[in-house]
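Below, each chain spelled out in residue letters.
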Amino acid sequence: MSKPDPELLKILVCPVTRGPLRYDEEAQELISEQAGLAFPIRDGVPVMLVEEARRLDEGGPAQPGQPA
């Protein structure tokens, strides 16, 4: 598991709300509290697609077209 670039983490924002993201090192996710989504980090690369995000309230993937 490789870590994302710290400089990249400083500039990334949530693609839904444009709000801040929190890095969860243990889960390898970027968390958007405002959107209620967790974006996965795969091989050190954040995957900032809503379709790939996990909903925080359900634990499953977000569904396109449904509010987050």
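Before any of the text, the structure's been laid out above.
None of the values given here were measured: they were computed from a predicted structure. (Residues numbered from 1 in each chain as written. Predicted model: local features only at pLDDT ≥ 70, side-chain atom pairs only at ≥ 80, totals over all residues. Heavy atoms only, no water.)

Trainee: Run through the overall build of the chain, naming residues and quoting values.
Mentor: When its secondary structure is counted, the chain shows one helix and five strands. Going residue by residue from the N terminus, the α and β elements of the chain occur as α-β-β-β-β-β. For the chain, the proportion of its 68 residues judged to be buried stands at 32%. Taking all contacts inside the chain whose residues are at least 6 apart in sequence as the whole, residues at least 24 apart take part in 20%. (Helix = DSSP H or I, 4+ residues; strand = E, 2+ residues; numbered from the N terminus. Buried < 20%, exposed > 50% of the residue type's maximum accessible area, 1.4 Å probe, protein only. Contact = heavy atoms within 4.5 Å.)

Trainee: Outline the nonpolar core, listing residues and values.
Mentor: Membership of the largest hydrophobic core is limited to eight residues, which are Cys14, Leu21, Leu30, Ala35, Leu37, Phe39, Ile41 and Ala53. Residue contributions to this core peak at three residues, all from strand S3 (residues 37–42). (Core = buried A, V, L, I, M, F, W, Y, C linked by side-chain atoms within 4.5 Å.)

Trainee: Tell me what's going on with the pairing of strand S2 (residues 29–32), and back it up with residues and numbers.
Mentor: Residues of S2 alternate between two faces, with Glu29 and Ile31 on one and Leu30 and Ser32 on the opposite face, all of them buried. The hairpin turn running from strand S1 (residues 22–24) into S2, its antiparallel successor, is four residues long, and Gln28 in that turn takes a positive phi close to 55°. Relative to S3, S2 runs antiparallel, the two being bridged by four bridges. The residue bridging Leu30 from the neighbouring strand is Phe39, located in S3. The antiparallel pairing of S2 with S3 creates a hairpin that spans four residues between the two strands, and Gly36 there sits at a positive phi of about 70°. (Pairing = 2+ DSSP bridges.)

Trainee: Requested: an account of the environment of Ala35, with residues and values cited.
Mentor: Along the chain, Ala35 turns up in the loop between S2 and S3. Exposure remark for Ala35: the relative accessible area of 5% places this residue in the buried category. Taking C-alpha positions, Ala35 is 9.4 Å from Arg18, a pair spaced 17 residues apart along the chain.

Trainee: Can you lay out the pattern of salt bridges for me, pointing to particular residues and giving the numbers?
Mentor: This structure, assessed with the given rule, holds six salt bridges. Of the charged contacts in the structure, one is a salt bridge between Glu33 and Arg22, with a shortest N-O distance of 2.8 Å. Here Glu33, found in the loop between S2 and S3, pairs with Arg22, found in strand S1; they are eleven residues apart in sequence, far enough to count as distant. Judged by relative accessible area, which is 53%, Glu33 ranks as exposed. By relative accessible area, which is 41% here, Arg22 ends up partly exposed. Glu29 is the salt-bridge partner of Arg54, the closest N and O atoms lying 2.8 Å from each other. Note that Arg54 is positioned in strand S5 (residues 54–55) and Glu29 in strand S2, a separation of 25 residues in sequence. Taking the relative accessible area as the measure of exposure, Arg54 reaches 27% and is therefore partly exposed. (Salt bridge = Lys/Arg side-chain N within 4 Å of Asp/Glu carboxyl O.)

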